[in-house]
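# What the coordinates show
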Amino acid sequence: LFHFTLCLFPPRRQRLWERGRRALDAFTMAEVPKVFSTCENCRREVPTQNLVLHSAVCARNFFYCAGCSTVMPASDKEAHLAREMDTDTFHVALGADDEKRALSSIAHGVHIDTASVLHVAGSGSARLIRAVLKRTDGTAARERDNASGLTALHHAAASGSEAAVSLLLDAGADV
């Protein structure tokens, strides 16, 4: 095709023809309507003309979990949230040093009590401490064990993690 167009047009006309073709391509691409849109529930790309119907059916039959970014049948929603927000599962994950599972529970909104905060601080995991501090708006840094009087900062220092200690100090832990 290129050789054919060179034979048809002299070089100057060829350049003008190419420039005009590029301008036409840019114009037509700007005028093309958006073919696909993203469904707010399942985060899939669907044809724009089907978006309203798809969204209605999707919202009725599927649930998007923001904590783990997964889409599941709506019938599994309650069991999923109960499993992810279970405080016993959270404590087991902390005891087993399962950082991924503990972070997932925090993202799902598990209740974080004083024992949880002290346990997280004792783990020395900077990622876990950062997640707990974010979730509790920094108040977790000032948590104190009523029985022993030890704070989260004491537990972090005992773990030997400098990152954990500095995170708690930056969050306003009592020294």
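Below is a short write-up of the structure.

Criteria and cut-off values
- Residues numbered from 1 in each chain as written.
- Predicted model: local features only at pLDDT ≥ 70, side-chain atom pairs only at ≥ 80, totals over all residues.
- Heavy atoms only, no water.
- Helix = DSSP H or I, 4+ residues; strand = E, 2+ residues; numbered from the N terminus.
- Buried < 20%, exposed > 50% of the residue type's maximum accessible area, 1.4 Å probe, protein only.
- Contact = heavy atoms within 4.5 Å.
- 1 Å grid on protein atoms, 1.4 Å probe; cavity = no way out; pocket = protein on both sides within 12 Å on 5 of 7 lines; lining within 4 Å.
- Points joined across faces, edges and corners; volume = space filled by probe spheres on them.
- Disulfide = S-S within 2.5 Å.
- Arc of directions from axis to C-beta.
- Pairing = 2+ DSSP bridges.
- Axes fitted to C-alpha atoms, helices over the stretch in contact; angles between N-to-C directions.
- Parallel < 35°, antiparallel > 145°, perpendicular 65-115°, else oblique.
- Left-handed = near helix turned anticlockwise from the far one by under 90°.
- Nonpolar A, V, L, I, M, F, W, Y, C, P; charged D, E, K, R; others polar.
- Salt bridge = Lys/Arg side-chain N within 4 Å of Asp/Glu carboxyl O.

### Topic: the overall build of the protein chain
On a plain count of helices and strands, the protein chain comes out with 10 helices and four strands. In the protein chain, the succession of α and β elements from N to C terminus is α-α-β-β-α-β-β-α-α-α-α-α-α-α. Residues classed as buried in the protein chain amount to 30% of the 175 residues present. Across the protein chain, contacts joining residues at least 24 apart in sequence account for 42% of those joining residues at least 6 apart.

### Side note on empty space enclosed by the protein
For the structure shown, the criterion picks out one cavity of 30 Å³ or more. The computed volume of the largest cavity comes to approximately 40 Å³. Considering the residues around the largest cavity, the lining is formed by Val117, Val120, Ala121, Ile129, Val132, Leu133, Ala140 and Leu168. Going through the elements one at a time, helix H7 (114-123) and helix H8 (126-135) are the ones with two or more residues in the lining of the largest cavity.

### Here we look at the state of the cysteines
With the rule as written, the count across this model stands at zero disulfides. There is no disulfide at Cys42, and the cysteine sulfur nearest it, in Cys58, is 3.7 Å away. Residue Cys42 is classed as buried on the basis of its relative accessible area of 9%.

### Some points on helix H9 (residues 152-159)
Listing the buried residues of H9 in full gives Ala152, Leu153 and Ala156. Axial view of H9: buried residues confined to an arc of 95°, hence all on one face. Buried-residue contacts for H9 involve H7 and helix H10 (162-170). Taken from the residues just after H9, Gly160 is the one with a positive phi, measuring 85°.

### Observations concerning the pairing of strand S4 (residues 70-73)
With four bridges joining them, strand S3 (residues 62-65) and S4 adopt antiparallel strand pairing. The partner of Phe62 across the bridge, within S4, is Pro73. Between S3 and S4, which pair antiparallel in sequence order, lie four residues; one of them, Ser69, sits at a positive phi of approximately 55°.

### Things to note about the side chain of Glu84
By secondary structure assignment, the location of Glu84 is in helix H4 (residues 77-84). In contact with Glu84, other than residues within four places in its own chain, are Arg101, Ser104, Ser105, His108 and Val110.

### As for the packing of helix H5 (residues 87-95) against H7
Working note: a packed helix pair is described by the angle between its axes plus the distance between those axes. Between H5 and H7, whose axes approach to 10 Å, the crossing angle comes to 20°. Classified by the interaxial angle, the pair formed by H5 and H7 is roughly parallel. As for how H5 packs across H7, the hand of that crossing is left-handed. Side by side, H5 and H7 meet where Phe90, His91, Leu94 and Gly95 of the first sit next to Ala115, Ser116, His119 and Val120 of the second. Of the residues assigned to the contact of H5 with H7, the class counts are four nonpolar, four polar and no charged.

### Some remarks on the pattern of salt bridges
Following the criterion strictly, the structure yields two salt bridges and no others. Notably, a salt bridge pairs Arg101 with Glu84, separated by 3.0 Å at the nearest N-O pair. Taken as a pair, Arg101 in helix H6 (residues 99-108) and Glu84 in helix H4 lie far apart in primary sequence, 17 residues in all. On the basis of relative accessibility, which here comes to 22%, the residue Arg101 falls in the partly exposed class. Here Glu99 makes a salt bridge to Arg127, at a shortest N to O gap of 3.3 Å. Of this pair, Glu99 sits in helix H6 while Arg127 sits in helix H8, placing them 28 residues apart in sequence.

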